[in-house]
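Chain residues, written in single-letter form:
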Amino acid sequence: MAITSTPRSTTEDDITAEALRRFESTPDTRLREIMLALVRHLHGFVKEVSLTEREWFDAVQFLSETGRMCDDKRQEFILLSDTLGVSMVVDLINHRKPEGATESTVFGPFHREGAAEMAAGDNIAPRDSGTPMIVSGRVLDLGGRPIAGAKLDVWQADSSGLYDSQYADSGELHMRGMFHTDDEGRYLVRTVRPVYYAIPDDGPVGRMLRATNRHPWRPAHVHFVVSADGYEPVTTHIFDDSDPYLESDTVFAVKDSLICHFVRHDDTDERARQLGIDPPFYTVEFDFVLKPRV
Ligand SMILES: [Fe+2]
């Protein structure tokens, strides 16, 4: 004899309603908000595209492979988030700056802890044969006053478009340094001119880009995290205004305020002489403006 009870879920909308009901009593209100929205949007997505079982299984395999590719040097999930534009949406809703403060952009998957402390003018690219470049400027508050002792964590790809962690013998840090501003808020970094580079595309993210007719290129840039006591740190890049990929950065990270003019010098000058740089070389100036910590 059939057991009678309350009706079971019979349609996809019944399942969605029941799944939402199961999360209703989540004690943490923020977690409750997130889980309810996640179920709502995820179910809505599956219904909108009428996901097949084959596609569902392919998605499970794709995410499993993305996880398997992650270790301390390769972060495929950050690449996935970056290439879907999610990282920049998170960045924008979390870092609404008052007028005048330096805008943030993606952290990216290539930062490494432990960069050497460097003095003004030290070279973060001692083993690179690219064209020398001097990056200089100041770190300022919103009123234009210099911030002394601000810290600049700097990193970039080498002139082959690769980060140190992408080489087989990647133990030693290269193209990275930790600088501090002087009493006038000035910083000075010696490096090489960055080049545009492809994000690692030998994994599931690369397959996704190819399947969707997208390129893997990022416009040339230098990464910075600038911080100082009493101020909100800013994670950002400076970009080369002549780069062909500024309009189509595969991770959507370009903001107009971060585009700089990299000036080419074919003759030497006093500062280059002091740093032991022969022409040709590039210079770029950029002032970072921090907002006070709230
Ligand atoms: Fe980068």
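Right, let's walk through the structure included here. (Residues numbered from 1 in each chain as written. Predicted model: local features only at pLDDT ≥ 70, side-chain atom pairs only at ≥ 80, totals over all residues. Heavy atoms only, no water.)

Attention shifts here to the pattern of salt bridges. A complete count under the given rule lists 21 salt bridges for this structure. Arg32 serves as the salt-bridge partner of Glu24, at 2.4 Å between the closest nitrogen and oxygen. The partly exposed category is assigned to Glu24, whose relative accessible area is 39%. Look at Arg32 and you get partly exposed, because its relative accessible area is 28%. A salt bridge links Glu76 to Arg74, with the shortest nitrogen-to-oxygen separation between them at 2.8 Å. Each of Glu18, Arg21 and Arg22 takes part in a single network of salt bridges with overlapping partners. (Salt bridge = Lys/Arg side-chain N within 4 Å of Asp/Glu carboxyl O. Buried < 20%, exposed > 50% of the residue type's maximum accessible area, 1.4 Å probe, protein only.)

Turning to the sheet that holds strand S3 (residues 176-180), a few remarks are in order. One open sheet accounts for five strands, arranged S3-S2-S7-S8-S9; its pairing is mixed. Single-partner strands in this sheet number two, and they are S3 and strand S9 (259-260). Direction of pairing for strand S2 (residues 151-155) relative to S3: antiparallel, over a ladder of five bridges. Each residue of the ladder has a partner; that of Lys151, found in S3, is His180. (Pairing = 2+ DSSP bridges. Helix = DSSP H or I, 4+ residues; strand = E, 2+ residues; numbered from the N terminus.)

Turning next to the environment of Asp128. As for its placement among the helices and strands, Asp128 is situated in the loop between helix H5 (86-94) and strand S1 (132-140). Sequence spacing of Asp128 and Thr191 is 63 residues, and the spatial spacing of their C-alpha atoms is 8.8 Å. With residues near it in sequence (within four places) discarded, Asp128 still touches Asp158, Ser159, His174, Met175 and Val192. A polar side-chain atom of Asp128 sits 2.6 Å from a polar atom in the side chain of Ser159. (Contact = heavy atoms within 4.5 Å. Polar contact = N/O pair within 3.5 Å; in protein donor to acceptor, adjacent residues only side chain to side chain.)

Turning our eyes to something else, we now look at the side chain of Gln156. Following the sequence through the fold, Gln156 ends up in the loop between S2 and S3. A polar contact of 2.7 Å, which involves the side chain of Gln156, links it to the side chain of Thr191. Those residues in contact with Gln156, other than ones at most four positions away along the chain, are Ile124, Tyr163, Met175, Thr191, Val192, Arg193, Pro194, His221 and Val222.

So, about the coordination of the iron ion. Each donor-metal-donor angle would ideally measure 109.5 degrees in four-coordinate tetrahedral geometry, or 90 or 180 degrees in six-coordinate octahedral geometry. Protein-derived coordination of the iron ion comes from Tyr163 (OH), Tyr197 (OH), His221 (NE2) and His223 (NE2), at a distance range of 1.9 to 2.1 Å. Every donor counted, the four donor atoms about the iron ion form angles of 90 to 159 degrees at the centre, which fits irregular coordination. Sequence spacing among the residues donating to the iron ion works out to Y-x33-Y-x23-H-x1-H. Taken together, the positions of Tyr163 in the loop between S2 and S3 and His221 in strand S7 (residues 221-227) put the pair 58 residues apart, joining distant regions of the chain. On the accessibility criterion, Tyr163 (0% relative accessible area) is buried. Taking the relative accessible area as the measure of exposure, His221 reaches 1% and is therefore buried. (Donors = N, O, S within 2.8 Å, 3.2 Å for Na, K, Ca; no water. Tetrahedral: all angles 85-135°; square planar, octahedral: opposite > 155°, others 65-115°.)

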